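Each chain, written out:
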Amino acid sequence: VRHPNILSFLHSTEAEVPDGPAIKHTIYIVTEPVTPLSEKIKELNLGGTQRDEYFAWGLHQISKAVSFLNNDCKLVHGNVCLASVVVTQTLDWKLHAFDVLSEFDANNEIASSPMLQFEWLVGAQYKPLELTKSDWASIRKSPPWAIDSWGLGCLIHELFSGGKLSRTEDLRNIASIPKSLLPDYQKLLSSTPSRRMNPSKLIDNSEFFQNKLVETIQFMEVLNLKDSVEKDSFFRKLPNIAEQLPREIVLKKLLPVLASALEFGSAAAPALTVLLKMGSWLPADQFSTKVLPTIVKLFASNDRAIRVSLLQHIDQFGESLASQTVDEQVFPHVATGFSDTSSLLRELTLKSMLVLAPKLSQRTISGSLLKYLSKLQVDEEPAIRTNTTILLGNISTYMNDGTRKRVLINAFTVRALRDTFPPARAAGIMALSVTSSYYEMTEIATRILPNIVVLTFDPDSDVRTKAFQATDQFLQIAKQHHEKLNTGDNRAAEGTGVQLKPGNASLLGWAMSSITQKGKPSDHGPVSTANASNSQVSAPPSTTSDTHSAPAAYAPAATSNSFDQTAPASASSSMDGWGELENGNQEENGSDNEGWDDVDPFEEKSPPSLLSNIQAAQKRPVVQPKQPIPSSSRSNQPAAPKAEEDALWGPTAVPAPKIAPKSAGIKPSVSHNDDDDLWGSIAAPQPKSSGKALKPAAANNDDLWGAIAAPPPATKARPLASSGRGRGAKPAQPKLGAQRIGRTSSTGM
């Protein structure tokens, strides 16, 4: 018989065993693992309300089994008592001992033969009066449940009296029966068989069955039939209810049902909170076998609410996860949250890495995790950018040396310290301080200190304070390095790390949430502008030849604004998002930096000053003068390009210094007047003869600046004059002006 409240039959076999000269046949019946109810009651040792609630749940299950046999199958169990009930591993009660099971023969009312073939197996104390007298005619006229209802009454008495029923007269002792169950108890033991209560009515109408445990289990058994509103309301109340229920029943009965409901999708996201709370009451070994398998499967869920709940409570079970499980089964599903459209999910995914990163392999950290973190450092949410920097500082100990050298300084200086969000800059400073033991002295002196010192005049006071603290810390490292060098201990000088100050031990806590608190980029616009403007340091014009002004360009405004946009993907062989930025000069096309090609490294040396002027002039758009030069004397002097250049570039040129720069990289001109002209280094070379140098000027396309100079007057000006483009009363000046404009346009300027 297949019924949830009847002991499950699994398998049977027959064996022939020699017994002397005869052969003994033995039938083995295999059932699910169970324990007799009398032993389980002693083991649980419940009392008070918890005992009554558990007995109510058990009687509810046995009543359903008896009702199924009597009303649906028209069968009579005939031996319902404490000994015929067993308990499963999930503390469910099940009916067994079907030795006397018989079909109810109600149609043959006049028959006097026994209806129960093995009624002698039933104890006399459990037999109703009609069965004791073997009044089979009266039994056949009675309802099918008459005998088993009497047995239910005997079971109730044995449960609450705490002992086995010894004689039928003991059923009159009702001192131990709960008051809410007493009316039903008396109806079950009615002396008239036809007036005994039907077990189905006992299930539906008994007040004793209306308690928290029975209602909770019944709701979870029909969870698939409930709507989302009912599920949410139920699971939000369940944590408080579970505290009041018997702990053993919660762990062995409710926990498996809840885990199964979550695994197959019938439970809502709040059920995960209850599952973890119940799981916290388990020993570590049982938690790993009963709860963790369900949690690992939930990571593959597409329900965003389930994923959010998992990440919010990952600190409760993350330590119990095996490293191989995290690396192969958990992380691939968690990593999808890095690129989720929900900022809350991105932030929770980021914070979960603090728990999962120690269990990831180096291949996963370098190949996948750092690539995702590189993108989050340019996330639109400022708090996510800040927490990304904090996470990098916290998980740096799990990276190998090569990864740390490639990632940390670039992530903290190139991005974090130049972020427009003040807490992000503060986080970059703190991360550098906490990871100071991983940097060489050269990196500290050339890459870290210059970036931190600039922030000592940051608009935000907290950033300034942390910048001064970090500066002192790294200067202390430099002093120790200096002292070691002076003592001749070069080998010891290679270690640059120092012990952190006690105040730095708890610096890397999470920043404020981007969802619950402020942190939108629009809220920090003025700070961005102020920071970008204050962080630019320019050298005076008189020191253009000084190569020590190279670190002056700290964070251009265009670079700061580019942090709010995601860096383009890269095809570099490096798997993480921080390409290797070498110290010193580096060609732009030398390597692909995977997310770093939108920012310039701080330590890149500037080109020579004259070459900088050439590059700046090439980037400046060429603007033609609206009016030609009216001087007629200049039009008659074709051999004076110097004077014409001064007239064209005078409004934009830098005043010429009295002393010519000594570091000029271009050969000086023949004319000594060109040494005083800053623009002479980018002008066309002076011709050897004044008459012949201007003729091929129009054909020389490589000379971008020669076309600006005014050519000598020629007879070709007559067709241009006929086009009506002259501007003055005199014909010579408009012809000359028209010819200059025509020459300029023909050269592609």
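Residues numbered from 1 in each chain as written. Predicted model: local features only at pLDDT ≥ 70, side-chain atom pairs only at ≥ 80, totals over all residues. Heavy atoms only, no water.

**Some remarks on the pairing of strand 2 (residues 22-31)**
Next, step 1: The pairing of strand 1 (residues 9-19) with strand 2 spans 10 bridges and is classified as antiparallel. Bridge assignment links Glu14 to a residue of strand 2, and that residue is Ile27.
Next, step 2: Where strand 1 folds back on strand 2, the antiparallel hairpin that results is connected by two residues, among which Gly20 adopts a positive phi of roughly 70°. (Pairing = 2+ DSSP bridges. Helix = DSSP H or I, 4+ residues; strand = E, 2+ residues; numbered from the N terminus.)

**Points about the pairing of strand 5 (residues 85-88)**
Regular strands place side chains that alternate from one sheet face to the opposite one.
Next, step 1: A two-sided burial pattern is seen for strand 5, the buried positions comprising Val85 and Val87 on one face and Val86 and Thr88 on the other.
Next, step 2: Here three bridges tie strand 3 (residues 34-36) to strand 5, and the two strands are oriented antiparallel to one another. Residue Val34 lies in a different strand from strand 5, and its bridge partner there is Thr88.
Next, step 3: The hairpin turn running from strand 5 into strand 6 (residues 93-95), its antiparallel successor, is four residues long, and Leu91 in that turn takes a positive phi close to 65°. (Buried < 20%, exposed > 50% of the residue type's maximum accessible area, 1.4 Å probe, protein only.)

**Some words on the sheet that holds strand 3**
Next, step 1: Taking strand neighbours across the sheet as the criterion, the three strands line up as 3-5-6 in an open arrangement whose pairing is antiparallel. The strands lining the two open edges of the sheet, one partner per strand, are strand 3 and strand 6. Each adjacent strand pair in this sheet contributes to an overall mean axis angle of 40°, direction not counted.
Next, step 2: Summarising the sheet, strand 5 and strand 6 pair through three bridges and their orientation is antiparallel. Residue Val85 lies in a different strand from strand 6, and its bridge partner there is Leu95.
Next, step 3: Against the sheet, helix 1 (residues 37-44) touches strand 3, strand 5 and strand 6, its axis set at about 90° to strand 3.
Next, step 4: Sitting on the sheet, helix 2 (residues 48-72) touches strand 5 and strand 6, and the angle it makes with strand 6 is about 25°. (Axes fitted to C-alpha atoms, helices over the stretch in contact; angles between N-to-C directions. Contact = heavy atoms within 4.5 Å.)

**A word on a nonpolar patch on the surface**
Next, step 1: A cluster of nonpolar residues, Phe9, Ile27 and Ile29, forms a patch on the protein surface that exposes about 330 Å² of accessible area.
Next, step 2: Inspection of the secondary structure assignment puts Ile29 in strand 2.
Next, step 3: On the basis of relative accessible area, Ile29 is assigned to the exposed category, the value being 57%. (Patch = residues over 30% accessible without salt bridge, like charges linked within 9 Å, V, L, I, M, F, W, Y side chains within 5 Å. Areas by Shrake-Rupley, 256 points an atom, 1.4 Å probe, with all protein chains shown as cover. Salt bridge = Lys/Arg side-chain N within 4 Å of Asp/Glu carboxyl O.)

**Brief notes about the environment of His60**
Next, step 1: Checked against the element boundaries, His60 lands in helix 2.
Next, step 2: It is 9.7 Å that separates the C-alpha atoms of His60 and Ser206, two residues lying 146 residues apart in sequence.
Next, step 3: Residues contacting His60, with those up to four places away along its chain left out, are Ile203, Phe209 and Gln218.
Next, step 4: Within the local environment of His60, its side chain forms a polar contact with the side chain of Gln218, the two groups lying 2.9 Å apart. (Polar contact = N/O pair within 3.5 Å; in protein donor to acceptor, adjacent residues only side chain to side chain.)

**Notes on the UniProt feature "repeat: HEAT" (unreviewed entry) in the protein**
Next, step 1: The UniProt record marks residues 291-329 with the feature "repeat: HEAT" (unreviewed entry), using the residue numbering of this structure.
Next, step 2: Spanning residues 291-329, this segment combines 69% helix with 0% strand, and its end C-alpha atoms are found 16 Å apart. (UniProt positions renumbered as here; feature names shortened; annotations may be inferred.)

**Let's talk about the nonpolar core**
Proteins that are soluble and globular tend to have nonpolar side chains buried together.
Next, step 1: With 141 residues, the main nonpolar core has Phe317, Leu369, Leu373 and Phe474 as its most contacted residues.
Next, step 2: In this structure, this core is formed jointly by two domains, domain 1 (36-206) and domain 2 (211-313), each of which donates at least three residues. (Core = buried A, V, L, I, M, F, W, Y, C linked by side-chain atoms within 4.5 Å. Domains from an automatic or database assignment.)

**Quick look at unusual backbone geometry**
Next, step 1: Phi is positive for Asn45, which is not a glycine, with a value near 55°.
Next, step 2: Locating Asn45 in the fold gives a position in the loop between helix 1 and helix 2.
Next, step 3: For Asn45, a relative accessible area of 65% translates into the label exposed.
Next, step 4: A positive phi angle, near 60°, is found at Ala97, a position not held by glycine.
Next, step 5: With respect to the secondary-structure elements, Ala97 resides in the loop between strand 6 and strand 7 (102-103).

**Thoughts on the environment of Leu282**
Next, step 1: Along the polypeptide, Leu282 turns up in the loop between helix 11 (270-279) and helix 12 (284-290).
Next, step 2: For the pair Leu282 and Leu251, spaced 31 residues apart in the sequence, the C-alpha separation amounts to 7.5 Å.

**Considering the pattern of salt bridges**
Once the charged atoms of two side chains with opposite charge are near each other, the side chains can pair.
Next, step 1: For the structure shown, the criterion picks out 18 salt bridges.
Next, step 2: Two residues, Glu248 and Lys252, come together in a salt bridge whose shortest N-O distance is 2.9 Å. Taken together, the positions of Glu248 and Lys252, both in helix 10 (residues 247-263) and four residues apart, correspond to about one turn of that helix.
Next, step 3: Relative accessible area serves as the criterion here: at 32%, Glu248 is assigned to the partly exposed category.
Next, step 4: In this structure, Asp401 engages Arg404 in a salt bridge whose closest nitrogen and oxygen atoms are separated by 2.4 Å. Highlighted residues: Asp401 and Arg404, both in helix 20 (residues 401-415), separated by three residues, approximately one helical turn.

**Digging into the confidence of the model for the protein**
Regions with low pLDDT should not have their predicted coordinates read in detail.
Next, step 1: Confidence in the prediction of the protein, expressed as mean pLDDT, is 74, and 64% of residues score 70 or more.
Next, step 2: The weakest mean pLDDT in the protein belongs to helix 26 (residues 557-562) at 34; the strongest belongs to strand 5 at 96.
Next, step 3: Of the regions scoring below 50 in pLDDT, residues 495-507 engages in 21 contacts with residues more than four places distant in sequence or in other chains.
Next, step 4: Confidence over residues 715-749 falls short of pLDDT 50; this stretch has 37 contacts with residues more than four positions distant or in other chains. (pLDDT = per-residue confidence, 0-100.)

**Digging into the packing of aromatic side chains**
Next, step 1: In this structure the tally under the stated criterion is nine aromatic pairs.
Next, step 2: Ring geometry for Phe208 versus Phe209: centroids 6.1 Å apart, planes at 55°, classification tilted. Each member of the pair, Phe208 as well as Phe209, is classed as buried.
Next, step 3: Relative to Tyr372, the ring of Phe338 has its centre 5.0 Å away and its plane inclined at 15°; by these criteria the two rings are stacked. One end of the pair, Phe338, is in the loop between helix 16 (323-334) and helix 17 (343-356); the other, Tyr372, is in helix 18 (residues 362-376), and 34 residues separate them in sequence.
Next, step 4: Residue Tyr372 is classed as partly exposed on the basis of its relative accessible area, which comes to 24%.
Next, step 5: Among the aromatic side chains, those forming a connected cluster through ring pairs are Tyr54, Phe55, Trp93, Phe160, Phe208 and Phe209.
Next, step 6: Its end group placed over the ring of Trp281, Arg247 keeps NZ or CZ at 3.7 Å from the ring centre.
Next, step 7: Between the NZ or CZ atom of Arg404 and the centre of the ring of Tyr438, over which it lies, the distance is 4.2 Å. (Phe/Tyr/Trp six-rings, centres within 6.5 Å; stacked < 30°, edge-to-face > 60°. Lys NZ or Arg CZ within 6 Å of the ring centre and 35° of its normal.)

**Topic: helix 8 (residues 212-221)**
Side chains of residues three or four places apart in an α-helix project in the same direction, reflecting 3.6 residues per turn.
Next, step 1: Within the span of helix 8, buried status applies to Leu213, Val214, Thr216, Ile217, Phe219 and Met220.
Next, step 2: For helix 8, the elements touching its buried residues are helix 2, helix 9 (228-244) and helix 10.
Next, step 3: One side-chain oxygen of the residue at the start of helix 8 lies 3.1 Å from the amide nitrogen of Leu213, identifying that residue as Asn211.

**Things to note about helix 2**
Next, step 1: Taking 1.5 Å of rise per residue, the 25 residues of helix 2 would be expected to cover 36 Å, and the 35 Å separating its terminal C-alpha atoms lies within 8% of that figure.
Next, step 2: Count one or two residues on from helix 2 and you reach Lys74, which has phi positive near 55°. (Expected span 1.5 Å × (residues − 1).)

**Some words on the environment of Ser266**
Next, step 1: Here Ser266 shows up in the loop between helix 10 and helix 11.
Next, step 2: With 38 residues separating them along the chain, Ser266 and Ser228 place their C-alpha atoms 9.6 Å apart.
Next, step 3: If near-sequence neighbours (up to four positions away) are discounted, Ser266 is found in contact with Leu223, Asn224, Lys231 and Ala261.

**Side note on the state of the cysteines**
Next, step 1: Evaluated as defined, the whole model comprises zero disulfides.
Next, step 2: No disulfide involves Cys154; its sulfur sits 8.1 Å from that of Cys81, the nearest cysteine. (Disulfide = S-S within 2.5 Å.)

**A word on the side chain of Glu443**
Next, step 1: Here Glu443 shows up in helix 22 (residues 441-454).
Next, step 2: It turns out Glu443 is buried and unbridged, and the closest side chain with the opposite charge, Arg447, is 4.8 Å from it.
Next, step 3: Once residues lying within four places of it in the same chain are set aside, the contact partners of Glu443 are Ile409, Tyr438 and Ile448. (Lys, Arg positive; Asp, Glu negative; His and termini not counted.)

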